[in-house]
Amino acid sequence: MMKRKEYDYYPTPNWCFEELPLDWKRFTGAHEPCGGDGRIISFLQSNEIPTTYSEIREGNNFLDWEGYTDLILTNPPFNQTIEFLHHSLTRANTIIMLLPLRFLASIGRKQFHQINTPTGLIILSRRPCFVEGRSDNTDYAWHIWDKTDRTPENLNWL
């Protein structure tokens, strides 16, 4: 069994967010809760979205962030996903998180999903590789909670 990386640091492959079918011009600002190596931040900024970030390895815990933004786009540490979602839902108009599809299927998360049903899913047709040279054999999707109408609703595939 593979040992988990410290802080669940698994950078998101660029194609996972670069290929999202979104009109990035519709977002006025963003926050990346898991800044990591800056690849999502750079992508958002290259789309002219003013972007702030948190990064636990720099001493900036997202769960302590008190700002408000238009968009949160991130690949959160799986063991803190519910905490990140609760916090995000009070801090942004649109939340888009890369999560395993199995995140939807858990008795422990059933109540959360009944209260906070995602408005859309963008399912990744190919599996991302978070560890050099191999896939973790997990199916992923961008799970979306949108208080506006700027993201695809229901099920979509990338």
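Scroll up to find the structure this text is about.
Structural notes, computed from the coordinates. Remember, predicted model here, so these are calculated numbers, not experimental data.

1. As for the environment of Thr 74
Working step 1: With respect to the helices and strands, Thr 74 occurs in strand S3 (residues 69-74).
Working step 2: Distance from Thr 74 to Phe 84, taken between C-alpha atoms, is 9.9 Å for residues 10 residues apart in sequence.
Working step 3: Apart from residues lying up to four places away in sequence, Thr 74 is in contact with Glu 32, Pro 33, Cys 34, Ile 40, Ile 96, Met 97, Leu 98 and Trp 142.

2. Topic: unusual backbone geometry
Working step 1: Despite not being glycine, Glu 48 has its phi angle at roughly 60 degrees, a positive value.
Working step 2: Its location among the elements puts Glu 48 in the loop between helix H2 (39-46) and strand S2 (51-53).
Working step 3: The exposed category is assigned to Glu 48, whose relative accessible area is 72%.
Working step 4: For Asn 154, which is not glycine, the phi torsion reads 65 degrees and is therefore positive.

3. A short note on the sheet that holds S3
Working step 1: One open sheet accounts for 7 strands, arranged S2-S1-S3-S4-S6-S5-S7; its pairing is mixed. In this open sheet, the two edge strands, each paired with only one partner strand, are S2 and strand S7 (154-157). Here the average twist between neighbouring strands, direction ignored, is 20 degrees.
Working step 2: Note that strand S1 (residues 30-32) and S3 share 2 bridges and pair parallel. Bridge pairing links His 31 to Ile 72 in S3.
Working step 3: Where helix H3 (residues 81-89) meets the sheet, its contacts fall on S3, strand S4 (92-100) and strand S6 (140-146), and the angle it forms with S4 comes to roughly 165 degrees.

4. Section: the nonpolar core
Working step 1: Core analysis: the largest hydrophobic core is formed by 21 residues, its most contacted members being Leu 20, Trp 24, Leu 44, Leu 71, Leu 73 and Trp 142.
Working step 2: Those elements that place two or more of their residues in this core are helix H1 (14-18), H2, S3, S4 and S6.
Working step 3: Contact partners of Trp 142, with chain neighbours within four places excluded, come to Cys 16, Phe 17, Leu 20, Leu 73, Thr 74, Ile 96, Met 97, Leu 98, Gly 120, Leu 121, Ile 122 and Leu 124.
Working step 4: Core analysis: the next-biggest nonpolar cluster, separate from the first, contains 14 residues, Ile 72, Leu 85, Ala 92 and Ile 95 among them.

5. Quick look at the pattern of salt bridges
If charged atoms from side chains of opposite charge come close, those side chains can pair.
Working step 1: The final tally for this structure, using the stated rule, is 6 salt bridges.
Working step 2: Residues Arg 57 and Glu 55 are paired through a salt bridge, measuring 2.9 Å at the closest nitrogen-oxygen approach.
Working step 3: Taking relative accessible area as the criterion, Arg 57 reaches 41% and is therefore assigned partly exposed.
Working step 4: Its salt-bridge partner being Asp 139, residue Arg 127 comes within 3.0 Å of it at the nearest N-O pair. Here Asp 139 lies in the loop between strand S5 (120-123) and S6 and Arg 127 lies in the loop between S5 and S6, a separation of 12 residues in the sequence.
Working step 5: Assessed through its relative accessible area of 39%, Arg 127 is described here as partly exposed.

Procedures and definitions
Position numbers for residues start from 1 in each chain and track the written sequence from start to end. Local features in this predicted model are restricted to residues whose pLDDT is 70 or higher, and side-chain atom pairs enter the listing and the counts only when it is 80 or higher, whereas totals over whole chains, interfaces and linings include all residues. Side-chain measures were taken over the full set of non-hydrogen atoms in the model, leaving aside hydrogen atoms and water. Secondary structure follows DSSP: runs of H or I at least 4 residues long count as helices, runs of E at least 2 residues long count as strands, and numbering of each begins at the N terminus. The criterion used for residue contact is that any of the two residues' heavy atoms lie within 4.5 Å. The buried label goes to any residue with under 20% of its type's maximum accessible area, the exposed label to any with over 50%, and the partly exposed label to all in between, with areas taken from a 1.4 Å probe on protein chains only. Note on pairing: two strands pair once DSSP finds at least 2 bridges between them. To obtain each axis, a line is fitted to C-alpha atoms, and for helices this fit is confined to the stretch in contact; angles are then taken between N-to-C directions over 0 to 180 degrees. The criterion is simple. A nonpolar core is a set of buried Ala, Val, Leu, Ile, Met, Phe, Trp, Tyr and Cys residues joined through side-chain atoms within 4.5 Å. Every case where a carboxyl oxygen of Asp or Glu lies within 4 Å of a side-chain nitrogen of Lys or Arg is listed as a salt bridge.

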